[in-house]
Amino acid sequence: MPALYNRDIPYCDDFYEFDYIKYPTEVKTVTFKFLVIGDYGVGKTAIVRRYAEGRFCSNYKVTIGADFAVKSVMRDKDVKVNLQLWDIAGQERYGFMTRVYYKHAIGAVVVFDVSRMGTFKTVVKWLTDLREKVALYDGSPVPVVLLANKCDIAGAAIPTETIKKFCRDHGIEKWFPTSAKDDINIDEAMDYLIDRALDVNHQETKCCDTVMLQGKSKSSKRCCFR
Ligand SMILES: Nc1nc2c(ncn2[C@@H]2O[C@H](COP(=O)(O)OP(=O)(O)OP(=O)(O)O)[C@@H](O)[C@H]2O)c(=O)[nH]1
Ligand SMILES: [Mg+2]
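Remember, predicted model here, so these are calculated numbers, not experimental data.

Describing the overall build of the protein chain
- Helix and strand counts for the protein chain stand at six helices and eight strands.
- Mapped from its N terminus to its C terminus, the protein chain presents α and β elements in the order β-β-β-α-β-β-α-β-α-α-β-α-β-α.
- Out of the 226 residues in the protein chain, the part that is buried amounts to 30%.
- Across the protein chain, contacts joining residues at least 24 apart in sequence account for 69% of those joining residues at least 6 apart.

Structure, rendered in structure tokens:
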């Protein structure tokens, strides 16, 4: 009996059935770099840990420089997203390195602490810094999701209307009340940003293909990044 095994066919755990024959679906893999930024103590590391490791720690250990986590997620059964999450230190003394850390990011999670008004006021500073230092292949701003973290704390200081207005005024399409502690909306926020990044990736691929067809530039995955 001939071997029903061929190394040339991409292997995947997911199969679709048609007329009793099983075919492997081809899985496309993309790698995205997301930044997690915001003031010190707002819960950036807690959010990354909750998302990547599914756990929460109530101790506060200041991030020095930047931390890094990876997670792979499947989207629509045929797209595998390898996420690199860059957890950037919120303390001002480490801010001088952000240009290096931001390089090639395709999305950003901007976090503030709903119980501390000061951390909401500095969101604009983080946004400006981000938009000055990184942009998409066509020069447009990287997609951002705003997280109002620690929503488990009763009597949050910042009204919802204020946050909504801020988003409208600063071109932020989506925000979520989140809690890394109680695991509220963390996956939802990441899923939103992944979908936005997939849109960008799709557009970028089209842009690169066009450039190649015109024969003006060599093919490059990051052809248009700053
Ligand atoms: N109640 C509550 N506490 C949280 C939440 N997320 C984080 N914390 C706590 O807030 C403190 C600071 O969290 P971190 O994640 O270390 O803050 P950070 O933004 O990474 O701070 P830097 O590394 O200094 O920039 C820790 O004591 C966390 O346990 C949350 O959703 N709810
Ligand atoms: Mg941290």
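Let's talk about the site of ligand 1
- Ligand 1 sits among 22 residues. The nearest are Gly43, Thr45, Ala46, Thr63 and Gly90.
- It is helix H1 (residues 44–53) that contributes the most residues to the shell around ligand 1, three residues altogether.
- When the residues that make up the shell around ligand 1 are grouped by side-chain class, the tally is eight nonpolar, ten polar and four charged.

A word on the nonpolar core
- Grouped together as the largest cluster of nonpolar side chains are 48 residues, with contacts concentrated most on Phe34, Leu35, Val36, Ile47, Ala108, Val109 and Val110.
- Broken down by secondary-structure element, the contributors of at least two residues to this core are strand S3 (28–37), H1, strand S5 (79–88), helix H2 (98–102), strand S6 (107–113), helix H4 (123–133), strand S7 (144–149) and helix H6 (186–214).
- The element that contributes the greatest number of residues to this core is H6, accounting for six residues.
- The residues touching leucine 35, leaving out its near neighbours within four places in the chain, are Trp86, Ile88, Tyr102, Ala105, Ala108 and Val109.

Remarks on the sheet that holds S7
- Spatially, six strands are ordered S4-S5-S3-S6-S7-S8 in an open sheet, and the strand pairing comes out mixed. Where the open sheet ends on each side, the last strands, each with one partner, are strand S4 (66–75) and strand S8 (174–177). Between one strand axis and the next, the sheet turns by 20° as a mean value, whatever way the strands run.
- Bridge count between S6 and S7: six bridges; the pairing is parallel. Paired with valine 111 across the strands is leucine 147, a residue of S7.

A few points about unusual backbone geometry
- Unusually for a residue other than glycine, lysine 150 sits at a positive phi of about 70°.
- Residue position: lysine 150 is located in the loop between S7 and helix H5 (160–169).
- Positioned with a positive phi, asparagine 185 is a non-glycine residue whose angle comes to about 65°.
- Structurally, the position occupied by asparagine 185 is in the loop between S8 and H6.
- Note on asparagine 185: 19 C-beta atoms within 10 Å, which makes it partly exposed.

Thoughts on the confidence of the model for the protein chain
- With 80% of its residues at a pLDDT of at least 70, the protein chain reaches an overall mean of 85.
- Note that pLDDT drops below 50 for residues 1–19; the model gives that stretch 18 contacts with residues more than four away or on any other chain.
- Across residues 216–226, where pLDDT falls below 50, the model places 17 contacts with residues more than four positions away in sequence or in other chains.

Some words on the pairing of S3
- Here nine bridges tie S3 to S5, and the two strands are oriented parallel to one another. The residue bridging threonine 29 from the neighbouring strand is lysine 80, located in S5.
- Relative to S6, S3 runs parallel, the two being bridged by four bridges. Residue pairing across strands places valine 36 opposite valine 109, the latter belonging to S6.

A look at H4
- Among the residues of H4, Val123, Trp126, Leu127 and Leu130 are the ones counted as buried. Buried positions in H4, seen along its axis, are confined to an arc of 100° and lie on one side of it. Summarising the geometry of H4, the exposed residues directed more than 90 degrees from the buried face are Thr128 and Glu132.
- On its buried face, H4 sits against S3, H2, S6, helix H3 (117–121) and S7.

Some points on the environment of arginine 75
- Relative to the elements of secondary structure, arginine 75 occurs in strand S4.
- Residue classification places arginine 75 among the partly exposed residues on the basis of 14 C-beta atoms within 10 Å.
- Linking arginine 75 and leucine 198, residues 123 residues apart in sequence, is a C-alpha distance of 9.6 Å.
- Beyond its immediate sequence surroundings of up to four residues, arginine 75 is in contact with Val81, Ile194 and Leu198.

What counts as what
- Within any chain, residue numbers begin from 1 and follow the written order of that chain's sequence.
- Key to labels: chains lettered from A, ligands numbered from 1, both in the order written.
- For a predicted model such as this one, the threshold for reporting local features is a pLDDT of at least 70, and the threshold for listing and counting side-chain atom pairs is 80 or more; totals across whole chains, interfaces and linings nevertheless cover every residue.
- A run of DSSP states H or I qualifies as a helix once it reaches four residues; a run of E qualifies as a strand once it reaches two. Both are numbered from the N-terminal end.
- Remark: C-beta atoms are placed from the backbone, and a residue is labelled buried if 20 or more other C-beta atoms sit within 10 Å of its own, exposed if 12 or fewer do, or partly exposed between those counts.
- Once C-beta atoms have been placed from the backbone, residue pairs whose C-beta atoms lie within 7 Å are recorded as contacts.
- Nearness is defined per residue: the C-beta atom, placed using the backbone, must lie within 6 Å of the molecule or strand.
- Classification used: nonpolar for Ala, Val, Leu, Ile, Met, Phe, Trp, Tyr, Cys and Pro, charged for Asp, Glu, Lys and Arg, polar for all others including Gly.
- Remark: nonpolar core denotes a set of buried Ala, Val, Leu, Ile, Met, Phe, Trp, Tyr and Cys residues whose joining runs through C-beta atoms within 7 Å.
- A pair of strands counts as paired when DSSP detects no fewer than two bridges linking them.
- Axes, fitted as lines to C-alpha atoms, cover a helix only where it is in contact. Angles between the N-to-C directions of the axes lie from 0 to 180 degrees.
- A residue's pLDDT is simply how confident the predictor is in it, with values from 0 to 100.
- The arc in question is the one traced by the directions running from the helix axis out to the C-beta atoms.

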